[in-house]
Amino acid sequence: MIKIKINKTKHPKMKPKDEDDIVFGSIFTDHMFIMDYIEGKGWINPRIEEYKDFKISPAALVFHYGQSMFEGMKAYKTEDGRVVLFRPMKNIERANKSNQRLCIPEIPEEDFLEAVKELVKIDEDWIPTKKGSSLYIRPFVIATEPSLNVVPSKEFKFMIILSPVGAYYKEGLNPVKIWIEDEYVRAVRGGIGEAKTGGNYAASMLSQEKAHEAGYSQVLWLDGIEHKYIEEVGAMNIFFKIKGKIITPMLNGSILRGVTRDSVIEVCKDMGLVVEERKISVEELYEAAKDGSLEEVFGSGTAAVISPVGTLKFGSDVFSINNGNIGEVSQKVYDTITGIQKGVVEDKHNWLVEIS
Ligand SMILES: *Cc1c(COP(=O)(O)O)cnc(C)c1O
């Protein structure tokens, strides 16, 4: 187990008065975790110190060739005052899968978990308590070796920062408008779509901007080869309810392996629903939307948990899903997962990891 050196700040910051006013990811807590990697020495010098800017060479590999990985998870305060993480080992395993794909040295799982727990414990007072709020945890690795040579870095930094976030939906779940992107693609099989890395987001921004300008909040990506099969949304996986069945694209190497996706599948099965993980084509979806058998559409991700889709645009055809209202299954899955996170719904799969 790592021995984390702790050097607490002497200048704690003001905490936000009303967490509902916080713009996602704009405020950071008092401390951060840092650990260095040097080839030949491994991961060394784990420490928690004041959250502040740090020095880095302009030649650091991350700036030029994008060798980096990130994760997104949350800590919650339960109604009875416990501090919990939701399925953290899933994020940690996924982080190391991303690391492998990107030639970043793996981080020992137990050290990773210890670092998250220790940092959250130190900044525990920053965890918002209002309904729907939480402490967003952003672990990431960057390549820091100063070199313009296109080879894997010999030096890295693993850092964790924390950001309090208010309720994603202040007035109940609000269905979003999504358009199906048929020009640009996010990822292709064999590429880095399955890794959580900045490059995938850089690849998505132009399309996202186009969608925003047209009044849509997100894009739905199609596969990178045939532009035929549904993949996922911005930072969310996607689910459809067609004729009573829950359908989500199967993991194929270019779709991000969402922790929420996995939880939604389990919760739907617990509810007695049939869940199919399979290829689903745009044509199939279009036909279902047209003949009215497309009953619900929702995205799943750590930030919003469930994001109901009220409008879906296929080329020039725009369909309203469930009359633009949130569906019954979407609402129930949201209530169940957020209920488990807040400690008010039974955690029968043992998803919560208590920090104490
Ligand atoms: C993080 C992410 C998701 C959602 O994953 P969760 O583990 O559920 O938060 C989905 N798609 C992409 C592209 C992502 O980066």
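Residues numbered from 1 in each chain as written. Predicted model: local features only at pLDDT ≥ 70, side-chain atom pairs only at ≥ 80, totals over all residues. Heavy atoms only, no water.

*Asks:* So what's going on with the site of the ligand? Which residues, and what values?
*Replies:* Surveying the vicinity of the ligand reveals 15 residues, the closest of which are K196, Y201, E232, T260 and T302. Here an oxygen atom of the ligand sits 2.8 Å away from a polar atom, N or O, in the main chain of V259. A total of 380 Å² of accessible area belongs to the ligand in isolation, and the protein chains cover 97% of it. (Near = heavy atom within 4 Å. Polar contact = N/O pair within 3.5 Å; in protein donor to acceptor, adjacent residues only side chain to side chain. Areas by Shrake-Rupley, 256 points an atom, 1.4 Å probe, with all protein chains shown as cover.)

*Asks:* So, the pairing of strand β16 (residues 305-314): which residues are in play, and what are the values?
*Replies:* With nine of its 10 residues buried, β16 lies for the most part within the structure. Across four bridges, the pairing between strand β9 (residues 176-180) and β16 is parallel. Following the sheet pairing, W179 is matched in β16 by K313. Examined bridge by bridge, strand β15 (residues 294-301) and β16 share four bridges and lie antiparallel to one another. Opposite G301, over in β16, you have V305 as the bridge partner. Hairpin geometry of β15 and β16 is characterised by an intervening segment of three residues between the two adjacent antiparallel strands. Summarising the sheet, β16 and strand β17 (residues 317-320) pair through four bridges and their orientation is antiparallel. (Buried < 20%, exposed > 50% of the residue type's maximum accessible area, 1.4 Å probe, protein only. Helix = DSSP H or I, 4+ residues; strand = E, 2+ residues; numbered from the N terminus. Pairing = 2+ DSSP bridges.)

*Asks:* Before we move on, could you go through a nonpolar patch on the surface and cite the residues and values that matter?
*Replies:* A cluster of nonpolar side chains, contributed by Y65, L148 and V150, occupies part of the molecular surface with about 320 Å² of accessible area. Considering the arrangement of structural elements, one finds Y65 in helix α1 (residues 61-65). Here Y65 falls in the partly exposed class, since its relative accessible area comes to 40%. (Patch = residues over 30% accessible without salt bridge, like charges linked within 9 Å, V, L, I, M, F, W, Y side chains within 5 Å. Salt bridge = Lys/Arg side-chain N within 4 Å of Asp/Glu carboxyl O.)

*Asks:* Could you give an account of the packing of helix α2 (residues 88-101) against helix α3 (residues 109-122), naming the residues involved and the relevant values?
*Replies:* Between two packed helices, what matters for the description is the angle formed by their axes and the separation of those axes. Across the interface, α2 lies against α3 with an axial gap of 10 Å and an inter-helix angle of 125 degrees. The orientation of α2 relative to α3 falls into the category oblique. Taken as a pair, α2 and α3 cross one another with a handedness that is right-handed. Within the contact between the two elements, α2 uses P88, M89, I92, E93, A95 and N96 and α3 uses E109, F112 and L113. (Axes fitted to C-alpha atoms, helices over the stretch in contact; angles between N-to-C directions. Parallel < 35°, antiparallel > 145°, perpendicular 65-115°, else oblique. Left-handed = near helix turned anticlockwise from the far one by under 90°. Contact = heavy atoms within 4.5 Å.)

*Asks:* Tell me about a negative patch on the surface, and please be specific about residues and values.
*Replies:* Residues E93, E106, E109 and E110 make up a contiguous surface patch of negative charge. Note that E109 resides in helix α3. (Lys, Arg positive; Asp, Glu negative; His and termini not counted. Charge placed at Lys NZ, Arg CZ, Asp CG, Glu CD.)

*Asks:* I'd love a proper account of helix α5 (residues 259-270), names of residues and values included.
*Replies:* With 12 residues, α5 should cover 16 Å at 1.5 Å per step; its first-to-last C-alpha distance of 17 Å lies within 8% of that length. Of the positions making up α5, those classed as buried are V259, T260, R261, S263, V264, I265, V267 and C268. One or two steps after α5, the chain reaches G272, where phi turns positive at roughly 85 degrees. (Expected span 1.5 Å × (residues − 1).)

*Asks:* Requested: an account of the packing of α5 against helix α7 (residues 328-341), with residues and values cited.
*Replies:* Where α5 meets α7, the closest approach of the two axes is 10 Å, and the angle between their N-to-C directions is 110 degrees. Regarding the angle of α5 to α7, the classification is roughly perpendicular. Counting all contacts with α5, which are made through S263, V264, V267 and C268, the residues of α7 involved are V329, V333, T336 and I337. For the contact of α5 with α7, the per-class residue count stands at six nonpolar, two polar and no charged. (Nonpolar A, V, L, I, M, F, W, Y, C, P; charged D, E, K, R; others polar.)

*Asks:* With reference to specific residues and values, describe the pattern of salt bridges.
*Replies:* Considering all chains together, one arrives at 22 salt bridges under this definition. Between E296 and K241 there is a salt bridge, with its nearest N and O atoms 3.8 Å apart. Of this pair, E296 sits in strand β15 while K241 sits in strand β12 (residues 237-242), and the two are 55 residues apart along the sequence. The exposure class assigned to K241 is buried, which follows from its relative accessible area of 15%. Of the charged contacts in the structure, one is a salt bridge between E284 and R278, with a shortest N-O distance of 2.8 Å. Classification of E284 as partly exposed rests on a relative accessible area of 28%. Among the residues examined, R278 registers a relative accessible area of 25% and is labelled partly exposed. What emerges from the salt-bridge pattern is a single network uniting D36, R47, E49, K52 and K157.

*Asks:* Explain helix α4 (residues 198-213) residue by residue, including any values.
*Replies:* For α4, which comprises 16 residues, the first-to-last C-alpha distance of 23 Å matches the rise-based estimate of 22 Å (1.5 Å per residue) to within 8%. Where α4 bends most, at M205, the angle is about 40 degrees. Taken together, the buried positions of α4 are occupied by N200, S204, S207, Q208 and A211. Elements in contact with the buried residues of α4: β9 and β10 (218-222). (Bend = angle between axes of the 7 residues up to and from the residue.)

Functional significance is not addressed by these values, which are geometric in nature.
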